[in-house]
Amino acid sequence: MKQSRRARRMERNHMRHKRAPAFNLVSLMDIFTILVFFLLVNSSDGEVLPSTKSVELPESIAEQKPRQNVVVMVTERDILVQGSRIARLDEVETSESLLIIPLKAALETQHQRRLLQTSPGKASAPEVTIMGNKQIPYRLLKKVMATCTEAGYGKISLAVMQKAAQES
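These numbers come from a predicted model, not from an experiment. (Residues numbered from 1 in each chain as written. Predicted model: local features only at pLDDT ≥ 70, side-chain atom pairs only at ≥ 80, totals over all residues. Heavy atoms only, no water.)

In the sheet, strand β3 (residues 78-81) pairs with strand β4 (residues 84-88) via 4 bridges, with the strands oriented antiparallel. Opposite L80, over in β4, you have R85 as the bridge partner. Counting the residues in the hairpin turn of β3 and β4 gives 2 residues, including Q82, whose phi is positive at 55°. (Pairing = 2+ DSSP bridges. Helix = DSSP H or I, 4+ residues; strand = E, 2+ residues; numbered from the N terminus.)

Okay, structure coming up:
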C-alpha cells in the first residue's frame, strides 16, 4: 500500500523523536569545571598557617584568626621561611650577632616578591608570623624578631594553638 507524502513525513518525524536524547557532555564538563574552580577559590576559610609535627606551638586564648603572610618557622634544628630552610639553629645560637643574615636576606626577598605592592602614600609595613616551638629559648626568639624588624617587617605575630577560654 502506497503512503501519502504526509504519512511518510509524519512517520519520519515520529522515528526522529523515538530515539533516546543525547547529552551534551562538553557543556556539562564546562559547568563542573567552573564549579570546581569556584569551590577551590572560596574554600580558603581553613587554616592559613602550615602545620608541622616538628613544631609544638604554645597555647593561648587568642581570638583573632591568622592572616595570610610570610611565615618564619623555628624547628628543633632549622629556621625555615615559607617552608625552605634558611639557617641551622646551632650556627645561629653560637653567633654573637643579634641579626641572622641569611634570614634577613630571605625576608627581604619575600618582601620584593609580594604580589600586592602598596602605593607610596599608603606605606604599610609587611607582616610576618613566627611559628616557634614552645621549648625554644627566648634569646633565639629575640634574634629572629630583631632580624624580622631589621628586614622591614613592622608587624610581627607569634603563632599559638587556641585553647578554650577559661570562665572567670
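Now that the structure is up, let's keep going.
Let us now look at the nonpolar core. Ranked by size, the top nonpolar core spans 21 residues in total, and within it V72, I79, L103, L107 and V144 carry the most contacts. Residue assignment for this core shows that the elements contributing at least two residues are β2 (70-74), β3, α3 (89-94), α4 (101-112), β5 (127-132) and α5 (138-150). With 4 residues, the top contributor of residues to this core is α5. Setting aside its immediate chain neighbours within four residues, I79 contacts V72, M73, S84, R85, I86, A87, L89, V92, I100, L103 and V144. Membership of the second largest hydrophobic core comes to 5 residues, among which are V71, L80, M131 and A159. (Core = buried A, V, L, I, M, F, W, Y, C linked by side-chain atoms within 4.5 Å. Buried < 20%, exposed > 50% of the residue type's maximum accessible area, 1.4 Å probe, protein only. Contact = heavy atoms within 4.5 Å.)

Enumeration according to the criterion identifies 2 salt bridges in this entry. Its salt-bridge partner being R88, residue D78 comes within 3.7 Å of it at the nearest N-O pair. Note that D78 is positioned in strand β3 and R88 in strand β4, a separation of 10 residues in sequence. Classification of R88 as partly exposed rests on a relative accessible area of 32%. (Salt bridge = Lys/Arg side-chain N within 4 Å of Asp/Glu carboxyl O.)

Glancing now at the sheet that holds strand β6 (residues 155-158). Sheet architecture is open: 5 strands sit in the order β4-β3-β2-β5-β6, paired in mixed fashion. Lying at the two open borders of the sheet, with one neighbouring strand each, are β4 and β6. Here the average twist between neighbouring strands, direction ignored, is 25°. The sheet strands contacting α4 are β2, β3, β4 and β5, and the helix crosses β3 at an angle near 10°. The strands touched by α5 are β2, β3, β5 and β6; relative to β5, the strand with the most contacts, the crossing angle is about 165°. (Axes fitted to C-alpha atoms, helices over the stretch in contact; angles between N-to-C directions.)

Moving on, we get to the packing of α4 against α5. The N-to-C vectors of α4 and α5 enclose an angle of 40°; their axes lie 9 Å apart at closest approach. Judged by the inter-axis angle, α4 sits oblique to α5. Seen along the crossing, α4 lies across α5 with a hand that is right-handed. Between α4, through L103, K104 and L107, and α5, the contact on the second element is made entirely by V144, T147, C148 and E150. By residue class, the composition of the contact of α4 with α5 is 4 nonpolar, 1 polar and 2 charged. (Parallel < 35°, antiparallel > 145°, perpendicular 65-115°, else oblique. Left-handed = near helix turned anticlockwise from the far one by under 90°. Nonpolar A, V, L, I, M, F, W, Y, C, P; charged D, E, K, R; others polar.)

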